[in-house]
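These are the residues of each chain, in order.
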Amino acid sequence: MISFYPGPSRVYDEIPDYVKDAYKRGILSMNHRNTEFVKLCEKTVKLLRSRLGVPPDYTIFFTSSATECWEIIAQSLTQGNSIHFHNGAFGEKWHQYANRIKPGALSNPFNKDEELYPLKAIDTTDVICITQNETSNGTMVSTEIISRFREMNPDHLVAVDATSSMGGIVLDFKSADVWFASVQKCFGLPAGLAVLICSPKAIERCVALDERNHYNSLAFMNEMIAKWQTPFTPNVLGIYLLMRTLKNQDVIEHVDEKMNRRFNAWYSFFEKSESLKPYIKNHDVRSKTILTIEGTPDLIERIRMKALKKGFQLGAGYGQLKDTTFRIANFPAIKSKEIEEVQKFIKKYI
Ligand SMILES: *Cc1c(COP(=O)(O)O)cnc(C)c1O
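Residues numbered from 1 in each chain as written. Predicted model: local features only at pLDDT ≥ 70, side-chain atom pairs only at ≥ 80, totals over all residues. Heavy atoms only, no water.

**Quick notes on the packing of helix H9 (residues 252-271) against helix H11 (residues 336-347)**
No. 1: The contact between H9 and H11 brings their axes to 12 Å, and the two run at 10°. It follows from the interaxial angle that H9 and H11 lie roughly parallel. Contact residues: Arg 262, Ala 265, Trp 266, Phe 269 and Phe 270 in H9; Ser 336, Ile 339, Val 342, Gln 343, Ile 346 and Lys 347 in H11.
No. 2: Partitioned by chemical class, the residues of the contact of H9 with H11 number 7 nonpolar, 2 polar and 2 charged. (Axes fitted to C-alpha atoms, helices over the stretch in contact; angles between N-to-C directions. Helix = DSSP H or I, 4+ residues; strand = E, 2+ residues; numbered from the N terminus. Parallel < 35°, antiparallel > 145°, perpendicular 65-115°, else oblique. Contact = heavy atoms within 4.5 Å. Nonpolar A, V, L, I, M, F, W, Y, C, P; charged D, E, K, R; others polar.)

**Digging into the sheet that holds strand S12 (residues 290-294)**
Remark on secondary structure: sheet strands pair via backbone hydrogen bonds, oriented parallel or antiparallel.
No. 1: Strand order in this open sheet of 4 strands is S11-S12-S15-S14, and the pairing throughout is antiparallel. Lying at the two open borders of the sheet, with one neighbouring strand each, are strand S11 (277-278) and strand S14 (315-316).
No. 2: Pairing geometry for S11 and S12, over 2 bridges, is antiparallel. Counted as the bridge partner of Pro 278 is Ile 293 from S12. (Pairing = 2+ DSSP bridges.)

**Some details on the sheet that holds strand S3 (residues 81-86)**
No. 1: If you walk across this open sheet you meet the 7 strands as S2-S10-S9-S8-S5-S3-S4, and the pairing is mixed. Edge positions in the open sheet fall to strand S2 (59-63) and strand S4 (106-109), since each of these has one partner strand only. Across the sheet, the mean angle from the axis of one strand to that of its neighbour is 20°, orientation sign disregarded.
No. 2: Across 3 bridges, the pairing between strand S8 (residues 157-161) and strand S9 (residues 178-182) is parallel. Residue Val 160 lies in a different strand from S9, and its bridge partner there is Trp 179.
No. 3: Across the sheet, helix H7 (residues 218-225) touches S2 and strand S10 (194-198), and the angle it forms with S2 is around 115°.

Distances and angles like these do not, on their own, reveal function.
Following this line, the structure appears as structure tokens:
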């Protein structure tokens, strides 16, 4: 079965071998306070930095999920309130999670086919939350726009959910203060690990607030990562698998070029279709890593079922879009040959 699901998604073919290696090398029973782990953690952070182009003064943390990162930002980096700009289900959920921890979080919905308009946030808020890649509908916010938000709001932190794009496209980390992603999307790994990246300004805020009420309070995590450790027992296997896959990977600029080529090829493939149309009409806001394709409920259902029989798992539409769309992940772990094969199959329905 070849998964085009936008997460959990296709993992790299090498994963079973790496898991065997991890078993043989004692990684599975590794103590997270010993020097072996410290070395593994440091090496993985360095690889993340070099492969993804994370600035040297940004701090990289390990958490267990993107959802956990939503909570860390609310509990440890938000003093007043956060303000959320969203046009889909994940951005909305982030607002709900933040609102439970810091009631009064502001919600600013925008249209899925509109570019997000940078503005000055009201000063009762101190964190601006943007979903860079909205996995539910296949839209994205450019880093230029994120950067404009940061320039217009020098007293705010700008936090960015890049869960379904980090590792697949170039992200200008300097354009925001907090970035996070879990590894079951563009990193091509099994779920249970996430990466949280903080600017010096975010670390300053963390130290100033000194929030210490949670097992994953960022103040604890910050003290521990200085020693290449985590306050809790982390997903050591996940970190090991991340290290092994990053080692093989090209720098993000090359991955980005490849994803862009595939993105263009996918959209020109569907351009010819009468029955299957891109759900997002505005070219400028289309996600590079998630395609959402619209059709009649009948056709969508038929294609998904037939695809499964052929060994292709297409992503279901998300939430309200379940019956009228399917989604296709454009993630690095998917092979060109697999894209050719699935296109050959979809062609019959175009
Ligand atoms: C998948 C996803 C999440 C949730 O990730 P978890 O690892 O399940 O917490 C959050 N935001 C976006 C944009 C996602 O695509």
